[in-house]
Amino acid sequence: MAALEHALHGEEPRAMGLPLPNSKLAMWLFLATEIMFFSGLIGAYIVQRFGAPHWPRPEEMHLVVALGAFNTFVLICSSVTVVLALKALHEEKTQQAAMFLLATFLLGGVFMVVKAIEYTDKWRHHLLPGQVIESVPALVQEALAERRQVAQQQKKKPEEDAVFVALDRFYRYNIGNARLQPAQALKWYNDVRNAFPQAGLPDITRGEEVAETVGRLVQTRRAELKEKRTAHDPLLEELEALSLAAHGIPMSRRQQAVHYHYLSEQKYREAHLPELRLYGNTWSSFYFTLTGIHALHVLGGMVIFAVLLVFYLLGRLGPDKAIWVENAGLYWHFVDIVWIFLFPLLYLIG
């Protein structure tokens, strides 16, 4: 009856529904769920990243900004090629459309190869989740073992290695609760005095005088640095370590981290001691979760483009399949946008 009324009034009958194909509606609904999924992951990373008291810098975790930027450029180019493929298909240029689809597939492959190179580098540097050493005592033990091995290769005693001696003192007297004997305290003080001849440290002849004298030197040095509006310097770091050891006071976790950073990044930088990466396992877990799930989405997109290329080889890719390419393009654009969020969060914000 309704159709008869429309015919009498010269109107075309209208069907109920949205003005877009069912397949495109399904794709948009799927992308809506994907947006919620990645929003949760990225949101959790942001909360953890800016809520943690310390967070590893990208260079500490061997992230190469140039590789991340290159992958960003690759994905942007692949978004362009999939748009050009759809345009060519609408113009019934099937061969040209297939070439652009192939270019999109290959660019996705380039992205995956670069990501594999990055993952291999993380594996080589033991930056996988659960493998990052975050404890200073465990890190010092590893460094001592490495120095022993180096000394054996050079056919020397570990005690002849200045790096080993400094780490051993740090581990025994600043981390542990070993008692520093007067003779050892005097030798330690003389080592500091010889390392900083310009500081004019007083001469001490008895080990029993080290604790009291170094305690006064620490207070004096702090006052000098306060006038210069400087928080710390190598001399104060050395004197504080000796003062705590001489008084039998172990370092706090924060003091341990600061002193190890001084030893590894300043005093013995050329020794290439193991790096301290606080919250390294948390960072690694987020990094592999975010980039791994994204890489799986890239791989899924490559499978879709491979199927479209197979249809071309079978002679079944034509303008009637344009909706397939359009839906694949929507998915691929979403994957690109996710990476545009991940790149600055992981590679640039330090």
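The notes below deal with the structure included here. Bear in mind that the values here come from a model prediction, so they are computed numbers and not experimental data. (Residues numbered from 1 in each chain as written. Predicted model: local features only at pLDDT ≥ 70, side-chain atom pairs only at ≥ 80, totals over all residues. Heavy atoms only, no water.)

Let us now look at the packing of helix H8 (residues 210-227) against helix H9 (residues 234-246). For any two helices packed against each other, the geometry comes down to the angle between their axes and how far apart the axes lie. Two numbers describe how H8 lies on H9: the axes approach to 9 Å, and their chain directions differ by 145°. Here H8 runs over H9; the crossing is left-handed. Of H9, the residues touching H8 (which contributes Val210, Ala211, Val214, Gly215, Leu217, Val218, Arg221, Arg222 and Leu225) are Leu235, Leu236, Leu239, Glu240, Leu242, Ser243 and Ala246. (Axes fitted to C-alpha atoms, helices over the stretch in contact; angles between N-to-C directions. Helix = DSSP H or I, 4+ residues; strand = E, 2+ residues; numbered from the N terminus. Left-handed = near helix turned anticlockwise from the far one by under 90°. Contact = heavy atoms within 4.5 Å.)

Quick look at the side chain of Lys24 now. Of note, Lys24 is situated in helix H2 (residues 22-51). For Lys24, a relative accessible area of 16% gives the class buried. In terms of polar contacts, Lys24 uses its side chain to reach the side chain of Glu326, at 2.5 Å. (Buried < 20%, exposed > 50% of the residue type's maximum accessible area, 1.4 Å probe, protein only. Polar contact = N/O pair within 3.5 Å; in protein donor to acceptor, adjacent residues only side chain to side chain.)

Our focus in this paragraph is the packing of aromatic side chains. Counting across every chain of the model gives 15 aromatic pairs. Aromatic pair Phe111 and Trp339: ring centres 5.2 Å apart, planes at 90°, arrangement edge-to-face. Highlighted residues: Phe111 in helix H4 (residues 94-124) and Trp339 in helix H12 (residues 322-348), separated in sequence by 228 residues. Judged by its relative accessible area of 0%, Phe111 falls in the buried class. One aromatic cluster is present, built from ring pairs that chain together Phe111, Trp339, Phe343 and Tyr347. (Phe/Tyr/Trp six-rings, centres within 6.5 Å; stacked < 30°, edge-to-face > 60°.)

A few words now on the environment of His261. Considering the arrangement of structural elements, one finds His261 in helix H10 (residues 253-267). Judged by relative accessible area, which is 42%, His261 ranks as partly exposed. Note: C-alpha distance between His261 and Met61 (200 residues apart in sequence) is 15 Å.

To find leftover empty space, a probe the size of one water molecule is rolled over the atoms. Approximately 620 Å³ is the volume attributed to the largest pocket. Together, 25 residues line the largest pocket, and Ala257, Val258, His261, Leu276 and Leu278 are the ones closest to its centre. Going through the elements one at a time, helix H5 (136-153), H9 and H10 are the ones with two or more residues in the lining of the largest pocket. Split into classes, the residues belonging to the lining of the largest pocket amount to eight nonpolar, seven polar and 10 charged. (1 Å grid on protein atoms, 1.4 Å probe; cavity = no way out; pocket = protein on both sides within 12 Å on 5 of 7 lines; lining within 4 Å. Points joined across faces, edges and corners; volume = space filled by probe spheres on them. Nonpolar A, V, L, I, M, F, W, Y, C, P; charged D, E, K, R; others polar.)

Looking now at the nonpolar core. Counting residues in hydrophobic clusters, the biggest one holds 49 residues, and the most contacted among them are Tyr45, Leu101 and Leu346. Contributions of two or more residues to this core are made by H2, helix H3 (65-90), H4, helix H11 (280-313) and H12. In terms of residues, this core owes the most to one element, H12, which gives 15 residues. When sequence neighbours within four positions are dropped, the list of residues in contact with Leu101 reads Ala85, Phe305, Leu308, Leu309, Leu317 and Val325. Among the nonpolar cores identified, the runner-up in size contains 41 residues, and Phe164, Trp188, Val210 and Met251 belong to it. (Core = buried A, V, L, I, M, F, W, Y, C linked by side-chain atoms within 4.5 Å.)

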